[in-house]
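Given next are the chains, with one letter for each unit.
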Amino acid sequence: MIFYLNITSLKMMTMKHKPVLLDEVLTALNIKENGIYLDLTLGGGGHSFEILKQLNHSGFLFAFDQDLVAIKQANTKLKDFKNYKIFHTNFKFVTKYLNSENVSEVDGILLDLGMSSFQIDDSQRGFSYMQEGPLDMRMNTSNPLTVKAILNTYSLEQLTTIFKNYGQEPNSYKIAQQIIKNRPLSTTTDLVKITDLFPSKGHSAKRVFQALRIYLNDELTALKEVLPQAFSLLKQDGVLAVISFHSLEDKIVKEFFKEKVEERVIKGLPTLPEKMPMRYYRKKRIKPSATEIEKNPRASSAILRVALKN
Ligand SMILES: C[S@@+](CC[C@H](N)C(=O)[O-])C[C@H]1O[C@@H](n2cnc3c(N)ncnc32)[C@H](O)[C@@H]1O
């Protein structure tokens, strides 16, 4: 039998976001049916949907996303549930928003960092080096700065710093030089033509696109600001689960957990009997199974870390 797909269904297939490490996240969160949960990165609502399925009418989910397109998609997915509320904001403001709801403690928090598939797959958002589109990359489209403005106005030193610090790009300086020489740049293709001059392992534009996205959306600062808030908002035995997709994010999460969980050892002295603020769910990072990666290659770089409040 032959199946014909029309363009719309084909588009929906590529744009749908598959929740990463779903079983592992749900097991770690150990959902209480009347609990209060936070999904700080709602995206298409994949994780939220499964959390809501496990809640009864006394349970509640607060979800956050800075991207209105994500919120629209998620609202459609979650339309049959009543016990959730979505905030269109950066998750670094989580405490303020929960205070406005008179909520000071929650049972579990999920952060699934990075981007949704529909953000990457929509060429008009400019996140993908595989498709031609405007040089945009804003997760929150009310941000006045775009990648186009950065590439066309920042100095050689500033561009080099962005590519080095947020992309670990070995050819940062040379790429920045070429960008300045070829100004004005207006599409993702213009940028890829420049990175293609410097072939390296993987796609030549991968690290530069990552760097620009992280810098423009101030992703690492938001992560550093949200982790202590998430810790403070947890009840005793509450669970904090964080999925990151590259080493810069994972390093921040790993160090945050380490400081809260591991006793400080001073060489030559006995360890002080100290109650640590958190404990590991599993000390080692959790990675997607080979089966998950086969079904969803975008999951391949995912790293889940989980800790509980003491
Ligand atoms: C990987 S997706 C989440 C996918 C979701 N777990 C699912 O299963 O559908 C990450 C989402 O977080 C959002 N996001 C990233 N950083 C954010 C921030 N600082 N504040 C609010 N939302 C953010 C992105 O817009 C994106 O929609």
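Definitions and limits used
- Residues numbered from 1 in each chain as written.
- Predicted model: local features only at pLDDT ≥ 70, side-chain atom pairs only at ≥ 80, totals over all residues.
- Helix = DSSP H or I, 4+ residues; strand = E, 2+ residues; numbered from the N terminus.
- Buried ≥ 20, exposed ≤ 12 C-beta atoms within 10 Å, placed from the backbone.
- Near = placed C-beta within 6 Å.
- Arc of directions from axis to C-beta.
- Contact = placed C-beta atoms within 7 Å.
- Pairing = 2+ DSSP bridges.
- Axes fitted to C-alpha atoms, helices over the stretch in contact; angles between N-to-C directions.
- Domains from an automatic or database assignment.
- Right-handed = clockwise from strand over helix to strand, strands pointing away.
- Parallel < 35°, antiparallel > 145°, perpendicular 65-115°, else oblique.
- Left-handed = near helix turned anticlockwise from the far one by under 90°.
- Nonpolar A, V, L, I, M, F, W, Y, C, P; charged D, E, K, R; others polar.
- pLDDT = per-residue confidence, 0-100.

Caption draft 1: Structural detail: the overall build of the protein chain. Helices and strands together make up the secondary structure of the protein chain, namely 14 helices and seven strands. The dimensions of the protein chain, computed from C-alpha atoms along their principal axes, are 65 × 60 × 45 Å. The buried share of the protein chain, reckoned over its 310 residues, is 40%.

Caption draft 2: Quick look at the site of the ligand. Lining the immediate surroundings of the ligand are 21 residues, of which Pro19, Thr41, Gly43, Gly44 and Gly46 lie closest. Elements supplying a minimum of two residues to the shell around the ligand: helix 3 (46-53) and strand 2 (60-65).

Caption draft 3: View of helix 4 (residues 68-77). For helix 4, the full list of buried residues reads Ala70, Ile71, Gln73 and Ala74. One face of helix 4 carries all of its buried residues, which in axial projection span an arc of 165°. Across helix 4 from its buried face, at more than 90 degrees, point the exposed residues Leu68, Lys72 and Thr76. Close packing links the buried residues of helix 4 with helix 3, strand 2, strand 3 (84-88) and helix 6 (117-121).

Caption draft 4: Expanded view of the sheet that holds strand 7 (residues 303-309). Read across the sheet, seven strands follow the order 3-2-1-4-5-7-6 without closing on themselves; strand pairing throughout is mixed. Two strands close off the open sheet at either side, each with one partner strand: strand 3 and strand 6 (278-280). Sheet twist, expressed as the average angle between the axes of neighbouring strands with direction ignored, equals 20°. Where strand 2 lies against strand 3, five bridges are found, and the strand directions are parallel. In the strand pairing of strand 3, Phe64 is matched with Phe87.

Caption draft 5: Main features of the domain arrangement of the protein chain. For the protein chain, the assigned domains are domain 1 (20-118 + 219-309) and domain 2 (144-216). Just the C-alpha atoms count here: the centres of domain 1 and domain 2 sit 31 Å apart.

Caption draft 6: The arrangement of the pairing of strand 1 (residues 36-39) in detail. Side chains Ile36 and Leu38 project from strand 1 onto one buried face, and the interleaved Tyr37 and Asp39 project onto a second face that is buried too. Where strand 1 meets strand 2, four bridges bridge the pair, whose relative direction is parallel. Across the sheet, the residue bridging to Ile36 is Phe60, located in strand 2. Following the backbone out of strand 1, through helix 3 and into the adjacent parallel strand 2, one traces a crossover that is right-handed. With three bridges connecting them, strand 1 and strand 4 (residues 106-112) associate as parallel partners. Along strand 4, the bridge assignment pairs Tyr37 with Gly108.

Caption draft 7: Just the packing of helix 8 (residues 156-167) against helix 9 (residues 172-181), in detail. Between helix 8 and helix 9, the least distance of the axes is 8 Å, while the angle of their chain directions is 135°. On the basis of the axis angle, helix 8 is oblique to helix 9. Regarding helix 8 and helix 9, the two cross each other, and that crossing is right-handed. Between helix 8 and helix 9, the contacting residues are Leu156, Leu159, Thr160, Phe163 and Lys164 on the first element and Ser172, Tyr173, Ile175, Ala176, Gln177, Ile179 and Ile180 on the second. Classifying every residue of the contact of helix 8 with helix 9 gives eight nonpolar, three polar and one charged.

Caption draft 8: Quick peek at the environment of Val94. Counting through the fold element by element, Val94 comes out in helix 5 (residues 94-100). On the neighbour-count criterion, Val94 (23 C-beta atoms within 10 Å) is buried. Each C-alpha atom, one on Val94 and one on Gly238, is 16 Å from the other, the two residues being 144 residues apart in sequence.

Caption draft 9: Geometry of the confidence of the model for the protein chain. With 95% of its residues at a pLDDT of 70 or more, the protein chain shows a mean pLDDT of 93. Across residues 1-14, confidence stays below pLDDT 50; counting only partners more than four residues off in sequence or on other chains, it has two contacts.

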